[in-house]
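The chain contents come next:
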Amino acid sequence: MPARAVDCRDTDFRGNRYTVCEVDPATEDMRLFLYDKGGAPYGQFEAINARLQARGQQLAFAMNAGMYHEDRAPVGHYVEDGTELMRVIPNAGPGNFGMLPNGVFCIGEGTARVIETLAYAANPPKCRFATQSGPMLVIDGELHPRFLPDSTSRYIRNGVGTTEAGDRAVFVMSGNAVTFHDFASFFRDGLGLPEALYFDGNVSRLYAPELGRADYGRMMGPVVGVVVDSE
């Protein structure tokens, strides 16, 4: 695979299965995708690939990256190629997104960081791309306070974790239905990441050609992907 800094693998942790894709933001062209030139949401990985292929490029990895409304517009803060399309939403609200603390995944120049929303709003970093989602899974090395070890709410879930230095972004999708507590524990205890953010549970999809994955299903909103030159 041409993107040597994208490493995808399947693994097990405490009885659950996970697919993990690690990206080096200093060497890889990592972006967010939402709307095409005509203003229509891409919705599917293949639509993004079609656009890239016209430029001699392709996706090496991609994942849905944040919650969205029925029209695919992002629920929270969203920045694409330096342009803010949606403001930061700092207040609590219904559903998983509003289960504070939530956070922002920020792709800067050579870095990628998960930042709790209020900290992000108080000291906005320079993000070429940013997507807000929630809840936070891990905050400063601690699990979200509302996650219960004995929860019975289980779904296929996906999210992202980052190092303190922002030199590694680790994207995870569960291979079986897991609780928030299980999922967050994998980021903290299995991967050793101090910050992690939940992306979704009803629309968890992965594009990882090295694993033979090109998930298809409901139309997506924001998508994070790594772009490489076509072979």
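The text that follows walks through the structure, step by step, so that each part is easy to find. Nothing here was measured: the structure is a model prediction, and the numbers come from that model.

## Overview of the sheet that holds strand β17 (residues 223-229)
- With antiparallel pairing, 5 strands are arranged side by side in an open sheet as β3-β17-β4-β15-β16. Edge positions in the sheet fall to β3 (29-33) and β16 (213-214), since each has one partner strand and no second.
- Bridge count for strand β4 (residues 57-64) against β17 is 7 bridges, and the pairing is antiparallel. Note that in β17 the partner of Met63 across the bridge is Val224.
- The strands touched by helix α1 (residues 45-53) within the sheet are β3, β4, β15 (206-208) and β17, with β4 carrying the most contacts at an inclination of about 155°.

## Here's the deal with the pattern of salt bridges
- Applying the stated criterion to the full structure yields 9 salt bridges.
- Taking the shortest distance from any N to any O, the salt bridge between Asp7 and Arg9 comes out at 3.6 Å.
- Residue classification places Asp7 among the partly exposed residues on the basis of a relative accessible area of 37%.
- For Arg31, the salt bridge identified is with Asp29, shortest N-O distance 2.7 Å.
- On the basis of relative accessible area, Arg31 is assigned to the buried category, the value being 13%.
- The class of Asp29 is partly exposed, set by a relative accessible area of 25%.
- Here the residues in one salt-bridge network are Asp7, Arg9, Glu22 and Arg168, joined through shared partners.

## Here we look at the sheet that holds strand β10 (residues 136-139)
- A sheet is described by the order of its strands in space; here 7 strands give the open sequence β1-β2-β13-β12-β14-β10-β11, paired in antiparallel fashion. One side of each edge strand has no neighbouring strand; the edge strands of this open sheet are β1 (6-13) and β11 (142-143).
- Note that β10 and strand β14 (residues 195-200) share 2 bridges and pair antiparallel. By the bridge assignment for β14, Met136 is matched with Leu197.
- Contacts between helix α3 (residues 180-190) and the sheet are confined to β1, β2 (16-23), β10, β11, β12 (158-162), β13 (169-174) and β14, with β10 contributing the most and set at about 35° to the helix.

## A look at the layout of surface pockets
- A volume near 410 Å³ is recorded for the largest pocket.
- Met67, Tyr68, Val75, Asp200 and Asn202 are, among the 22 residues lining the largest pocket, the residues nearest its centre.
- The residue makeup of the lining of the largest pocket, split by class, is 10 nonpolar, 7 polar and 5 charged.
- By volume, the second largest pocket amounts to about 240 Å³.
- Leu32, Arg51, Glu80, Asp81 and Phe129 are the residues nearest the centre of the second largest pocket, which is lined by 15 residues in total.
- Broken down by secondary-structure element, the contributors of at least two residues to the lining of the second largest pocket are β3 and β6 (83-86).
- For the lining of the second largest pocket, the element with the highest residue contribution is β3, accounting for 3 residues.

## Digging into α3
- Among the residues making up α3, those that are buried are Phe180, His181, Phe183, Ala184, Ser185, Phe186 and Phe187.
- Two residues or fewer past α3, Gly192 is found with a positive phi of approximately 70°.

Conventions we followed
Residues numbered from 1 in each chain as written. Predicted model: local features only at pLDDT ≥ 70, side-chain atom pairs only at ≥ 80, totals over all residues. Heavy atoms only, no water. Pairing = 2+ DSSP bridges. Helix = DSSP H or I, 4+ residues; strand = E, 2+ residues; numbered from the N terminus. Contact = heavy atoms within 4.5 Å. Axes fitted to C-alpha atoms, helices over the stretch in contact; angles between N-to-C directions. Salt bridge = Lys/Arg side-chain N within 4 Å of Asp/Glu carboxyl O. Buried < 20%, exposed > 50% of the residue type's maximum accessible area, 1.4 Å probe, protein only. 1 Å grid on protein atoms, 1.4 Å probe; cavity = no way out; pocket = protein on both sides within 12 Å on 5 of 7 lines; lining within 4 Å. Points joined across faces, edges and corners; volume = space filled by probe spheres on them. Nonpolar A, V, L, I, M, F, W, Y, C, P; charged D, E, K, R; others polar.

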